[in-house]
Structure formats: C-alpha cells, structure tokens
Amino acid sequence: MAAPGENMRINGDRLWDSLMEMAKIGPGIAGGNNRQTLTDADAEGRALFQKWCEAAGMTMGVDKIGNMFATRPGEDPDALPVYVGSHLDTQPTGGKYDGVLGVLGALEVVRSMNDLNIKTKHPIVVTNWTNEEGARFAPAMLASGVFAGMHELDWAYERTDPEGKKFGDELKRIGWVGDEEVGARKMHAYFEYHIEQGPILEAEEKSIGVVTHCQGLWWLEFTLTGKEAHTGSTPMNMRVNAGLAMARILEMVQGVAMDAQPGAVGGVGQMFFTPNSRNVLPGKVVFTVDIRSPDEKKLNGMRAAIEAAAPKICDELGVKCSIEAIGHFDPVTFDPTLVASVRKAAEDLGYSHMDLISGAGHDACWAAKVAPATMVMCPCVGGLSHNEAEEISKEWAAAGADVLMRAVVETAGIVE
Ligand code: HGY
Ligand code: MN
Ligand code: MN
C-alpha cells in the first residue's frame, strides 16, 4: 500500500457516475438540466447530495440561507476546516457540469481520501452554495454573498422571482432553512473546482486552469417606461416606444464593450415587455445589462459610459429611464499560496496547465472576501456553457479532481 498521499488520484468512474446520476434530477429538454434554485428539483438534488455525503462518513450542517456544509473530521478538531465546493443549482437551460462538477468533485475527493485512508490535520468541508446562478432570484452568488457579509439575510429573503415568489418563502417551502447563522463558519481556505465555461483551455490544449483571478461584474437593471398604444393605428411620430429605446441601448452597450477591448464584455440575457402583446407597444420594458472586465477601471468606465448614454437615448424618444445596480463584485485576485498549490499539483501529476482568469463569476469570489480562496478549472467542449449542450470529457473531469485533491490535502496537512 503506497504511503498516504503518494498515489493520490480520485476514482474517475465514480465521479462520472455521480455526475450522471445528479443530472437525472431536474432534466432539461435538450440533454442538460433545469434544476433552478429552490425548486422541487433543487430540493431533490440536495437530498441526494446529503445522502452521498453521509454515506461517505460526513455530517451535514445547513445555515439559514440553505448553504450545505458536509464535514469530514480532521485530526485537530480545533483547526479551521478547508472548504471545497460550488453549487448544485442550474440555469433554466443549464448544462450538467456548471457548479455540479465542483460539488461532486469535492465529494469525490473525500470519497478517495477515505479509500486511501488519508488523514489530515484540518477538517474538510464539502459545500453546496444556494442560488449561485442568480437566474431565478438576482443577484448571482446570493447565498455566498450573505455568507461573506456582502448582503443582509433579510434582504436576500425578500428577493423575488419573475412570478413574484419570495426567496425566503421558497427556501421554507422546500424545507431547506437550516439553523446555523450565515457566515458564522470560519474557513482555513476555500477551493472551488469548475468548468472553464470559455474556450481557452480547450484551444490551448491544456487540461488544467490554474485560476489566478476572476473578472468583476455589474448587473444594471433598466426599467424603461413608454406608452402602451396600438401598433397599427398609432402614427410613428406619436409613439413613446420603450421597445425601440431598449434596442438602441443594447446597441450602445455592444459599442461600449467593443470600445473597451481587450478584456471586456457586455450584453443582455433577460428582458420583459409589459403587456407583451403582439399588437401593443410596450408600456414598460425591464432588462438587465451584464458587463464584466478583469480591469476594475475599465469595468467602472463601461458602467459610467452606459449610464451616461442611456438617458439621452430615452430622452430622444420621450421614454422614462431608471437604472438600478442589482449585482456587483470587483475583480478578484485569488490567494497566491493556494494558486501555487494548484499549479504544483498539476505539475506533480503531469497534467498540462496554464494560468487563467475566470470569465464567469463564482462563489469563490465571495469566499475570497473571508478566507484565502482559489479555483481549479477544466476545459469544456467549444467553451460552451449556460447551454444544455455543455459538455466535458470524463478525462478532463478526473484530471481536475486529481489536482483538486492534491491541493486540498496539501493545504489541510496530511497526518501520517
Ligand atoms: O453569471 C455568472 O458568471 C455565474 O455563472 N453565475
Ligand atoms: Mn457556476
Ligand atoms: Mn452558471
């Protein structure tokens, strides 16, 4: 039997089987998943995750926003735990791996530590954060944000989905309001394993992303007020057309992001027309502009440019315009020591790797506010994500989990 830690590799088949098993819960219509936060499917996925954690000898704690923490004891009960996790909630047309790979990859690390009888000084806590996606309830990374003290719990409970349902009511309805104070737990370190959700690793033929930074984000919610009127009988010069204002603002956002190249993105994924009837000019249009950049000055410059130009566009059309920032985090620099442990693990395991800036936001961005944090990434096919066709290979999944295991065990301190 090799000394603990020598042949540290996870069980790739078991990880893949768990991913496919979880993917059966909240299936999409095109091979992906629709397991949105605080739905019955989310509750079912949580229950399966808890069952697996307990079967791996861990004990589950849940806080008042539904964050799940499964603990594998360490040899030193006073040592702060190493947290390893991500999220089980998905986009409405999400893939099988976004978030899930990080939660089940962390579980696989514990399962393999059990197989190899590896003991560590610090406990390990496998984590599932509530509502990372922000698809149903904005903002994204809501629960890890409350954990990190960026949002108040009561404010989070009041967030509503497009049907007007409240976050706190839905959390209670699915039976996942825990008893722990949110943020009471202290971390020695935090690791998150995630698919890249972009094209770089696959294009560069690298198996591992050593994530050094994550780009920052603003979500700017626009409410445009026009005048409901007949699309047929209202002359063009009498229209107060909020839909046209929205179209011109989208075009302007595209221009601002292109002018800010390289290293900037901007766009809109969600919009609502009221009354949303084919032959009624919209009285109200609500949409969220999503802008991001790893450069804080560039990110805030884009926001300023958009907030200066939008009212002018609306004034020309007689449309009222209000803008509310409903989501934000600054660009994140991950902990250099943990980043180095990921890079060393990839080297020791012989996996090709490269430093990477995360294009997508993650719970690690908020964890980094309260503890040393970093991420491990694996490629995804065509860089596609937030699409049911999201795909990774079994080999990629296992390689990243191997690296995660080595970095986590090194940080938690092997006890012979
Ligand atoms: O929006 C994001 O970057 C993440 O996928 N929630
Ligand atoms: Mn994710
Ligand atoms: Mn996502």
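Predicted, not measured: the structure shown is a model, and the values here were computed from it. Every residue gets a number counted from 1 within its own chain, in the order that chain's sequence is written. Written order decides the labels, with chains lettered from A and ligands numbered from 1. Totals for whole chains, interfaces and linings use all residues, but because this is a predicted model, local features are given only for residues with pLDDT of at least 70 and pairs of side-chain atoms are given and counted only at 80 or more. Side-chain measures were taken over the full set of non-hydrogen atoms in the model, leaving aside hydrogen atoms and water.

## Details of the site of ligand 1
Inference 1: A single heavy atom is enough: if one lies within 4 Å of a molecule or strand, its residue is considered near that molecule or strand. Around ligand 1 lies a shell formed by Glu132, Glu133, Ala140, Arg292, Ala360, Gly361 and His386.
Inference 2: Polar contacts, as used here, are pairs of N or O atoms within 3.5 Å; protein pairs need one atom able to donate a hydrogen and one able to accept it. Residues neighboring in sequence count only if both atoms are side-chain atoms. Measuring from an oxygen atom of ligand 1, one finds a side-chain N or O atom of Glu133 at 3.5 Å.
Inference 3: Arg292 is positioned such that a nitrogen or oxygen atom in its side chain is 2.6 Å from an oxygen atom of ligand 1.
Inference 4: Of the residues belonging to the shell around ligand 1, the class tally is 2 nonpolar, 2 polar and 3 charged. Residues are grouped as follows: nonpolar covers Ala, Val, Leu, Ile, Met, Phe, Trp, Tyr, Cys and Pro; charged covers Asp, Glu, Lys and Arg; every other residue, Gly included, is treated as polar.

## Some details on the packing of aromatic side chains
Inference 1: Only Phe, Tyr and Trp rings are paired, with Trp represented by its six-membered ring, and only when their centres lie within 6.5 Å; those with planes under 30 degrees apart are stacked, over 60 edge-to-face, the remainder tilted. For the structure shown, the criterion picks out 9 aromatic pairs.
Inference 2: With centroids separated by 5.1 Å and ring planes inclined at 75 degrees, the aromatic side chains of Trp129 and Phe147 adopt a geometry described as edge-to-face. One end of the pair, Trp129, is in the loop between strand S4 (124–128) and helix H4 (142–147); the other, Phe147, is in helix H4, with 18 residues separating them in the sequence.
Inference 3: Each residue gets one of three labels from its accessible area relative to the maximum for its type: buried under 20%, exposed over 50%, partly exposed in between, using a 1.4 Å probe on protein chains only. Owing to a relative accessible area of 1%, Trp129 belongs among the buried residues under this scheme.
Inference 4: Look at Phe147 and you get buried, because its relative accessible area is 6%.
Inference 5: What links up through ring pairs into an aromatic cluster is the set Phe69, Tyr83, Trp129, Phe147 and Tyr190.
Inference 6: When the ring centre of Trp52 is taken as reference, the NZ or CZ atom of Arg111 above it lies at 5.3 Å.
Inference 7: Throughout this description, the term charge over a ring refers to an Arg CZ or Lys NZ atom that lies within 6 Å of the ring centre and within 35 degrees of the ring normal. For the cation-ring pair, Arg303 lies above Trp218, with the distance from its terminal atom to the ring centre recorded as 4.1 Å. Segments assigned H or I by DSSP are reported as helices when at least four residues long, segments assigned E as strands when at least two residues long, and all are numbered from the N terminus.

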